[in-house]
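Remarks on the overall topology
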Amino acid sequence: MNSFETQLLHTPFDKEDAYHSLSMPVYNTAAYEFDSAEAMEEAFCGRTADHAYSRITNPTVQYFEKRIQHLTHALSVTALNSGMAAISNALITLAHAGGNVVTSAHLFGNTYSFLKSTLGAFGVEVRFCDLTSPDEVRAQIDEHTCALFLEVITNPQLEVADLKTLSSIAHQAGVPLVADTTVVPFHVFHARDFGVDIELISSTKYISGGATSIGGLIIDYGTFDWSRSEKLSPMVAQFGASAFTAKLRKEVHRNLGAYMTPQVAYMQTLGLETMELRYARQATTCLELARRLETLPAIAKVNYTGLEHNPFFALSKAQFGSLPGAMLTFDLASREACFGFINRLKLIRRATNLFDNKTLAIHPASTIFGTFTEEQRRSMDVDPNTIRLSIGLESVDDLLHDIVQAL
Ligand SMILES: *Cc1c(COP(=O)(O)O)cnc(C)c1O
């Protein structure tokens, strides 16, 4: 089999285009025409794979999905129009009123709010626990638990989940493990090998590259026995290992209407082709910068799980290798010092987002978590003295120079 770099460019797929275009064209259409009423019936009832309407499938988006599916060896891939759409579609597929989702309070801000407020209003209970304590996780799971949901490296705390331990706890209890892996790309972290059943990715980040567009992916590895799911077990007789994907694609995804658009699929397919190349550069720079920032007296603490003395180093190395992502955080003396630093930056951009080609700086407590109360921020371990850097493709010397002058 070809190497991952080669597969990124030359994954086999069915590319039906009338003009044999080398790139997949952008099929900018809402609907598709049929030759007969019978052909329409077959397509609408799902007996043929023909496209009917672009809220449900579109050739350009399907091509992007198939490329991801070949690269991850997944059962199915669904592309949505944001990472949040991937998270919400997947969790709505699994959760039901009276059920609960076990997770950590260390979550992306919108994910926390989605679970607590949006799903909470429909009678789904959210149980926040300390994922570094296997006993606590085991105690929170019961017969109404719909999913164990987590982020593989949390942001901005950079806490690493022990996935082998957590997946075995979940599977023993008959619960699927759903993981947001946005911070480490799938060629670095092989989610299936660590017991992840459903992988969720904001493709806005590493895949798009250059921050061209917003997108999300739901990857179903077909590993979970859905007969153990309170909600999905009635679908197993007909769909077997595809019960989750069937519920998602035939119901939830159609009803919520958040499918990726063809323009975005085109841009993200191009981004995908250079992902491995960009990641190698960005993550190498991130580690080197983390080492050099530790030597600066103005910086109280540098957090990157690839640093040898980081408390998660060994676990991070076992799961993600020696370059665990291209994001680091560091602490200054106060919130005022953080604001001053950000305001003095000349090269590094003041922006949210992760894994743009350009390096970005943000103060998470006042932005991503700005509308949370002080108490909520404390419970989520979002420190007011922390700066987050997402590392781009610039030279490490230029980045360090900007940081030193801003300090
Ligand atoms: C950005 C991000 C999301 C949300 O993705 P969008 O594409 O912005 O909707 C979810 N989880 C993590 C870890 C993220 O970094």
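Quick note: structure is the one above.
Described in the following lines is the structure provided in the data block. The structure presented is a predicted model; accordingly, all values stated were derived computationally and were not measured.

1. Some details on the site of the ligand
Of all residues adjacent to the ligand, which total 13 residues, the nearest are Gly83, Asp180, Ser202, Thr204 and Lys205. Residue methionine 84 places a main-chain N or O atom 2.9 Å away from an oxygen atom belonging to the ligand. Between a nitrogen atom of the ligand and a side-chain N or O atom of aspartate 180, the distance comes to 2.6 Å. Computed on the free molecule, the ligand has an accessible area of 380 Å², of which 90% lies beneath the protein chains in the complex. Per-element tally for the shell around the ligand: the top contributor is helix α4 (residues 83-94), with three residues.

2. Section: the environment of isoleucine 198
Position of isoleucine 198 among the secondary structure elements: in strand β6 (residues 198-202). The buried category is assigned to isoleucine 198, whose relative accessible area is 0%. Isoleucine 198 sits 24 residues away from glycine 222 along the chain, and the two C-alpha atoms are 8.3 Å apart. In this structure isoleucine 198 touches Leu177, Val178, Ala179, Ile218, Ile219, Asp220, Trp226 and Phe244, once residues within four positions along its chain are discounted.

3. Notes on helix α3 (residues 59-72)
With 14 residues, α3 extends 20 Å from end C-alpha to end C-alpha; this agrees with the ideal 20 Å at 1.5 Å per step. The element α3 is largely enclosed, with a buried count of 10 among its 14 residues. Within α3, the full set of buried residues consists of Pro59, Thr60, Val61, Tyr63, Phe64, Glu65, Arg67, Ile68, Leu71 and Thr72. Taken together, the buried residues of α3 touch α1 (4-10), β1 (76-80), β7 (216-220), α9 (243-256) and α10 (262-273). Immediately downstream of α3, the backbone of histidine 73 shows phi near 55°, a positive value.

4. Remarks on the pattern of salt bridges
Summed over the entire model, instances satisfying the criterion amount to 12 salt bridges. With a shortest N-O distance of 3.1 Å, glutamate 125 and arginine 127 are connected by a salt bridge. For arginine 127, a relative accessible area of 16% puts it in the buried group. If you follow the salt bridges from partner to partner, you end up with Glu41, Glu42 and Arg47 in one network.

5. Description of the state of the cysteines
Under the counting rule described, the total for this entry stands at zero disulfides. Unpaired in this structure, cysteine 146 has its nearest cysteine sulfur neighbour in cysteine 129, at a distance of 15 Å.

6. Structural notes on unusual backbone geometry
With an omega dihedral of 10°, the bond running from asparagine 155 to proline 156 counts as a cis peptide bond. Unusually for a residue other than glycine, leucine 158 sits at a positive phi of about 55°. Along the polypeptide, leucine 158 turns up in the loop between β4 (145-151) and α7 (163-172). On the basis of relative accessibility, which here comes to 3%, the residue leucine 158 falls in the buried class.

7. A word on the sheet that holds strand β2 (residues 100-103)
As summarised here, the arrangement of the seven strands in space is β1-β7-β6-β5-β4-β2-β3, forming an open sheet in which the pairing is mixed. Every interior strand has two partners, whereas the edge strands, β1 and β3 (125-128), have only one. Each strand of the sheet is rotated relative to its neighbour by a mean of 20°, with strand direction disregarded. Strand direction decides the pairing type here: β1 and β7, joined by five bridges, are antiparallel. By the bridge assignment for β7, leucine 80 is matched with glycine 216. Strands β1 and β7 of the sheet are contacted by α3, whose axis makes an angle of about 135° with β1.

8. A few points about the sheet that holds strand β12 (residues 386-390)
Strand order in the open sheet made by the five strands is β8-β9-β12-β11-β10, with mixed pairing throughout. Sheet topology places β8 (301-303) and β10 (349-350) at the edges, where each strand pairs with a single neighbour. Where β8 and strand β9 (residues 327-331) come together, three bridges link them in antiparallel fashion. Paired with asparagine 303 across the two strands is threonine 329, which belongs to β9. Helix α11 (residues 275-293) rests against β8, β9 and β12 of the sheet, and its axis sits at about 15° to β9. Contacting β9, β10, β11 (360-362) and β12, helix α13 (residues 335-344) crosses the sheet at an angle of about 30° to β12.

9. Focus: the pairing of β2
A two-sided burial pattern is seen for β2, the buried positions comprising Asn100 and Val102 on one face and Val101 and Thr103 on the other. The pairing of β2 with β3 spans four bridges and is classified as parallel. Paired with asparagine 100 across the strands is glutamate 125, a residue of β3. Pairing between β2 and β4: three bridges, direction parallel. Opposite valine 101, over in β4, you have alanine 147 as the bridge partner.

10. Some thoughts on the environment of serine 168
Tracing the backbone through its elements, the reader meets serine 168 in helix α7. Expressed as a C-alpha distance, the spacing of serine 168 and glycine 195, which sit 27 residues apart in the sequence, is 7.5 Å. In this structure the side chain of serine 168 is engaged in a polar contact, spanning 3.2 Å, whose partner is the backbone oxygen of threonine 165.

Cut-offs and rules
Residues numbered from 1 in each chain as written. Predicted model: local features only at pLDDT ≥ 70, side-chain atom pairs only at ≥ 80, totals over all residues. Heavy atoms only, no water. Near = heavy atom within 4 Å. Polar contact = N/O pair within 3.5 Å; in protein donor to acceptor, adjacent residues only side chain to side chain. Areas by Shrake-Rupley, 256 points an atom, 1.4 Å probe, with all protein chains shown as cover. Helix = DSSP H or I, 4+ residues; strand = E, 2+ residues; numbered from the N terminus. Buried < 20%, exposed > 50% of the residue type's maximum accessible area, 1.4 Å probe, protein only. Contact = heavy atoms within 4.5 Å. Expected span 1.5 Å × (residues − 1). Salt bridge = Lys/Arg side-chain N within 4 Å of Asp/Glu carboxyl O. Disulfide = S-S within 2.5 Å. Pairing = 2+ DSSP bridges. Axes fitted to C-alpha atoms, helices over the stretch in contact; angles between N-to-C directions.

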